[in-house]
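Take a look at the letters that make up each chain.
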Amino acid sequence: MAKKKKITKNVYLQWYEEMLFWRKFEDKASALYIQQKIRGFLHLYNGQEAVLAGSVLAMEKGDKMITGYRNHVQPIALGVDPRRIMAELMGKETGTSKGKGGSMHMFSKEHHFYGGHGIVGGQIPLGAGLAFADKYKGDKYVTLTYMGDGAVRQGAFHETLNMAMLYNLPVVFIVENNGYAMGTSVARSANHTDIYKLGLGYEMPCSYFDGMDPSATYDAVFEAVERARNGDGPTLLEARTYRYKGHSMSDAQHYRTKDEVADYQKIDPINTVLKTIQDKKYANEEEIKEIEQRVKDLVKECVDFGEESDFPKDEAIYQDIYAQEDYPFLKIQ
Ligand SMILES: Cc1ncc(C[n+]2csc(CCOP(=O)(O)OP(=O)(O)O)c2C)c(N)n1
Ligand SMILES: [Mg+2]
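All of these numbers come straight from a predicted model, not from anything done at the bench.

### Focus: the overall build of the chain
A count of helical and extended segments in the chain gives eleven helices and seven strands. Taking 333 residues into account, the globule formula puts the C-alpha radius of gyration at 20 Å, and the chain, at 20 Å, falls close to it. Considered along the principal axes of its C-alpha atoms, the chain spans approximately 55 × 55 × 45 Å. A total accessible area of about 16700 Å² is found for the chain, and carbon and sulfur atoms account for 52% of it. Taking the average place of the 42 positive charges on the side chains of the chain and the average place of its 47 negative ones, the gap between the two points comes to 1 Å.

Below, the structure written as structure tokens:
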């Protein structure tokens, strides 16, 4: 059984540096998108950082993570080189999927990050499958399976909860309830808004936590991860969080008011972490500036790496694909 970690000064300082980096990294990605250096879709994690920061602290080496398309910073949190994530966003051959996956398809088996899935809810059964594999092999790992509030309306979610309970799988389902599925609020898509209660129908342990606070996240996720690792099966958690930016880059945001966004900005997770650091005197102003400078430098390094990398060669289009050799329309060179 893993020991519960104390949320020390060092944890707070690390949270601040990492969360700030994720935010600034994606702010830069959004600027590059406007310059058309990043194309296709781009869904930002802006506002939800505490969910990731608190979860990662509850994970042990070898535990797995899988999520939807809001997936740029999760692999970074698990140790993937952020320069390669920026390169992937820019479609360069040095990217994590050799520039052929782009924004929604980050992946690193080496770092136990299993994507990056564009089909809403598509990752939910896959997360249970990863947990099934660990249980089958007798490994003591846990799979954290993330999804949005919109994904819980998919049939696959309910089928997976049923199977996960039936097979007593070492999986934690975490719904990142940011209030909206594209432009549809939770209240407009169901007659109930306490998403975590969907676990009750399957007798799955379930609860919610403050997803704007990494410390509250850690408490909830740690308990669920321990339950899974001890052989006591899955948990459904609902993180109550918020995204400040639009669903993707093209979103006029007519479905919410500016005041609502401003209210959530008052409880911004990164500002809250910084305030704790200042209140508890974990760092002085100069040390905080040093952290901010390191973040700025690393973002620049990522962009430079992406800019200087090459686009994939033409022949790369025929590589890393599943193809039937005698398929009539595709000529393998
Ligand atoms: C099966 C499927 N249906 C519809 C879509 C289009 N779509 C993309 S994102 C999205 C909203 C999902 O919202 P939510 O699950 O709350 O995640 P969030 O974007 O808020 O993180 C929809 C409907 C899709 N990608 N896949
Ligand atoms: Mg949502």
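### With respect to the pairing of strand β3 (residues 171–177)
The buried fraction of β3 is high, at seven of seven residues. Burial along β3 is two-sided: Val171, Phe173, Val175 and Asn177 facing one way and Val172, Ile174 and Glu176 facing the other are all buried. Strand direction decides the pairing type here: strand β2 (residues 143–148) and β3, joined by six bridges, are parallel. Directly across from tyrosine 146, in β3, lies its bridge partner isoleucine 174. For the segment spanning β2, helix α6 (residues 155–166) and β3, crossover handedness is right-handed.

### A closer look at a nonpolar patch on the surface
On the surface, a nonpolar cluster with roughly 580 Å² of combined accessible area is contributed by Phe132, Tyr136, Met163, Leu166 and Tyr167. Structurally, the position occupied by leucine 166 is in helix α6.

### Digging into the site of ligand 1
Surveying the vicinity of ligand 1 reveals 15 residues, the closest of which are Tyr69, Arg70, Gly150, Asn178 and Tyr180. Contact distances for ligand 1 include 3.1 Å between a nitrogen atom and a backbone N or O atom of valine 120. Separating an oxygen atom of ligand 1 from a backbone N or O atom of alanine 151 is a distance of 3.2 Å. Taking 590 Å² as the accessible area of ligand 1 by itself, protein coverage stands at 71%. A majority-of-atoms criterion places ligand 1 in the largest pocket. A per-class count over the shell around ligand 1 returns seven nonpolar, six polar and two charged.

### As for the pairing of strand β7 (residues 235–240)
In terms of burial, β7 is a largely internal element, five of the six residues being buried. Taken together, the six bridges between β3 and β7 define a ladder with parallel strand orientation. Within β7, the residue paired with valine 172 across the bridge is threonine 235. Across five bridges, strand β6 (residues 206–210) lies against β7 in parallel orientation. Bridge assignment links aspartate 210 to a residue of β7, and that residue is arginine 240.

### Brief notes about the packing of helix α1 (residues 9–34) against helix α10 (residues 269–279)
Where α1 meets α10, the axes come as close as 9 Å, and the angle between the chain directions of the two elements is 150 degrees. Between α1 and α10, the angle falls in the class roughly antiparallel. Pair α1 / α10 crosses with left-handed handedness. Every residue of α10 that contacts α1 at Tyr12, Leu13, Trp15, Tyr16, Met19, Leu20 and Arg23 is listed here: Pro269, Ile270, Val273, Leu274, Thr276 and Ile277. For the contact of α1 with α10, the per-class residue count stands at eleven nonpolar, one polar and one charged.

Cut-offs and rules
- Residues numbered from 1 in each chain as written.
- Chains lettered and ligands numbered in written order.
- Predicted model: local features only at pLDDT ≥ 70, side-chain atom pairs only at ≥ 80, totals over all residues.
- Heavy atoms only, no water.
- Helix = DSSP H or I, 4+ residues; strand = E, 2+ residues; numbered from the N terminus.
- Rg over C-alpha atoms; globule rule 2.2 N^0.38 Å.
- Areas by Shrake-Rupley, 256 points an atom, 1.4 Å probe, with all protein chains shown as cover.
- Lys, Arg positive; Asp, Glu negative; His and termini not counted.
- Charge placed at Lys NZ, Arg CZ, Asp CG, Glu CD.
- Buried < 20%, exposed > 50% of the residue type's maximum accessible area, 1.4 Å probe, protein only.
- Pairing = 2+ DSSP bridges.
- Right-handed = clockwise from strand over helix to strand, strands pointing away.
- Patch = residues over 30% accessible without salt bridge, like charges linked within 9 Å, V, L, I, M, F, W, Y side chains within 5 Å.
- Salt bridge = Lys/Arg side-chain N within 4 Å of Asp/Glu carboxyl O.
- Near = heavy atom within 4 Å.
- Polar contact = N/O pair within 3.5 Å; in protein donor to acceptor, adjacent residues only side chain to side chain.
- 1 Å grid on protein atoms, 1.4 Å probe; cavity = no way out; pocket = protein on both sides within 12 Å on 5 of 7 lines; lining within 4 Å.
- Sits in = over half its atoms within 2 Å of the grid points.
- Nonpolar A, V, L, I, M, F, W, Y, C, P; charged D, E, K, R; others polar.
- Axes fitted to C-alpha atoms, helices over the stretch in contact; angles between N-to-C directions.
- Parallel < 35°, antiparallel > 145°, perpendicular 65-115°, else oblique.
- Left-handed = near helix turned anticlockwise from the far one by under 90°.
- Contact = heavy atoms within 4.5 Å.

Nothing here speaks to function; it is geometry throughout.
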